[in-house]
Amino acid sequence: MKPCTTLVRGALAFTLPLLALQAGAVEERVAATASSPHCAADAGWNDPARPLRVHGNTWYVGTCGISALLLTSPQGHVLVDGATPQAGAQILANIRALGFKPEDVRAIVLSHEHVDHAGGLAELQRVTGAPVLARAPAVPILQRGASDRSDPQLLSLKGFAPVAGVKAIADDDVVRVGPLSLAAIPTPGHTPGGTSWTWRSCDAKDCRQLVYADSLTAISDKHYRYADDASHPGYLAAFRQTLARVAGLECDILVTPHPSASRLWSRLGTGATEPLVDTAACRGYAHKAAAVLDKRLAEEAANVEATP
């Protein structure tokens, strides 16, 4: 079955000379921020980060502790994730610092429906006017700004500002804005609506497959049990399928919603000590998450045995 395609309209018209001028302006702005402090691996969620090129037309515009990416094109841009409520203004400032206009963002997509990644969406949508595109399980959560018992972490979660313009997309949908093409990979587990995104980004002839892999950590409040299939049928099996799918993705450059989960600040920017490109990164990321899930299931089983 071929994936569905979501086309986001409202294309912009640019001439080639203007594109060249814009590219030069972006490079000058990036160079001007080169003296900014590098992010620490254990940075706080809202610690400010300077915008950085990841590869080609993919830019890091999030905070030091929470990722947000901007994919750019002459026909409009796509923003990936909204970070925290406090980070929305910083993401907008980072977009402008690169010389791009927030109003040229044509679509906003996200990893999962938690306050640290969806908290800034309402503000970002208000400024950009772009729709937020999400898989069906995340749509009602985003619209009301609060999770339900389908989320393993429900009792430990904070709410966020409701998002008005949310559009449901199908599993394995492809979001297109001009030449940009992002594939939505359903990856439930950390949350029911968890979604990973993958696209191709080129720097001249150096083309790489980027994967924005959603959080895969098996973490919950004290009442939720992943092994309780009667309470949430099929959820554990879906989580296992998520881990297998992420492990099998074509993956040259991995970025995760929490930069520390993929050691991004060791691989990107002035303080990089590891290669940015690692074709085994998605496989390693999924295998670590599988070990955490197995440990969690063993703990649940032990707790059941210990209960009279």
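These figures come from a predicted structure and were not determined experimentally.

Calculation rules
Residues numbered from 1 in each chain as written. Predicted model: local features only at pLDDT ≥ 70, side-chain atom pairs only at ≥ 80, totals over all residues. Heavy atoms only, no water. Buried < 20%, exposed > 50% of the residue type's maximum accessible area, 1.4 Å probe, protein only. Helix = DSSP H or I, 4+ residues; strand = E, 2+ residues; numbered from the N terminus. Pairing = 2+ DSSP bridges. Axes fitted to C-alpha atoms, helices over the stretch in contact; angles between N-to-C directions. Parallel < 35°, antiparallel > 145°, perpendicular 65-115°, else oblique. Contact = heavy atoms within 4.5 Å. Nonpolar A, V, L, I, M, F, W, Y, C, P; charged D, E, K, R; others polar. Disulfide = S-S within 2.5 Å.

### Remarks on the pairing of strand 10 (residues 180-186)
Of all seven residues in strand 10, five are buried, a share of seventy percent or more. Examined bridge by bridge, strand 9 (residues 174-177) and strand 10 share four bridges and lie antiparallel to one another. Residue arginine 176 lies in a different strand from strand 10, and its bridge partner there is serine 181. A loop of two residues connects strand 9 with strand 10, the two strands running antiparallel in sequence, and glycine 178 in this loop sits at a positive phi of about 55°.

### Overview of the sheet that holds strand 13 (residues 253-255)
A sheet is described by the order of its strands in space; here six strands give the open sequence 1-9-10-11-12-13, paired in mixed fashion. Because the sheet does not close on itself, it has two edges, and the strands there are strand 1 (5-7) and strand 13. Shown here is a sheet whose adjacent strand axes are inclined to one another by a mean of 25°, direction ignored. As judged from the three bridges shared by strand 12 (residues 206-212) and strand 13, these two strands associate in the parallel manner. Residue pairing in the sheet places valine 211 in a bridge with leucine 254 of strand 13.

### Points about the packing of helix 2 (residues 88-97) against helix 4 (residues 121-128)
Where helix 2 contacts helix 4, the axes come no closer than 8 Å and their chain directions differ by 40°. In terms of orientation, helix 2 lies oblique with respect to helix 4. Contacts between helix 2 and helix 4 involve Gly88, Ile91, Leu92 and Arg96 on the former and, on the latter, Glu123, Leu124, Val127 and Thr128. Each residue belonging to the contact of helix 2 with helix 4 can be placed in one class, and the counts come to four nonpolar, two polar and two charged.

### Quick word on the state of the cysteines
Summed over all chains, the structure comprises three disulfides. Two residues, cysteine 39 and cysteine 64, share a disulfide whose sulfurs are 1.9 Å apart. Its torsion about the S-S bond being -70°, the disulfide of cysteine 39 and cysteine 64 is classed as left-handed. With cysteine 39 in the loop between helix 1 (16-32) and strand 2 (52-55) and cysteine 64 in the loop between strand 3 (58-60) and strand 4 (69-71), this pair connects stretches of sequence that are 25 residues apart. Pair check on accessibility: cysteine 39 and cysteine 64 agree, each one buried. Shown here is the disulfide that connects cysteine 251 with cysteine 282, its sulfur atoms set 2.2 Å apart. Disulfide cysteine 251-cysteine 282: torsion about the S-S bond near 70°, hence right-handed.

### Quick word on the sheet that holds strand 4
Strand-to-strand pairing in sheets goes through backbone hydrogen bonds, with the strands running parallel or antiparallel. Taking strand neighbours across the sheet as the criterion, the seven strands line up as 2-3-4-5-6-7-8 in an open arrangement whose pairing is mixed. Of all strands in the sheet, those bounded by a partner on one side alone are strand 2 and strand 8 (166-169). Neighbour-to-neighbour, the strand axes of the sheet open up by a mean angle of 30°, direction not taken into account. Lying on the sheet, helix 4 is in contact with strand 5 (77-80), strand 6 (105-109), strand 7 (132-135) and strand 8; it crosses strand 6 at an angle near 165°.

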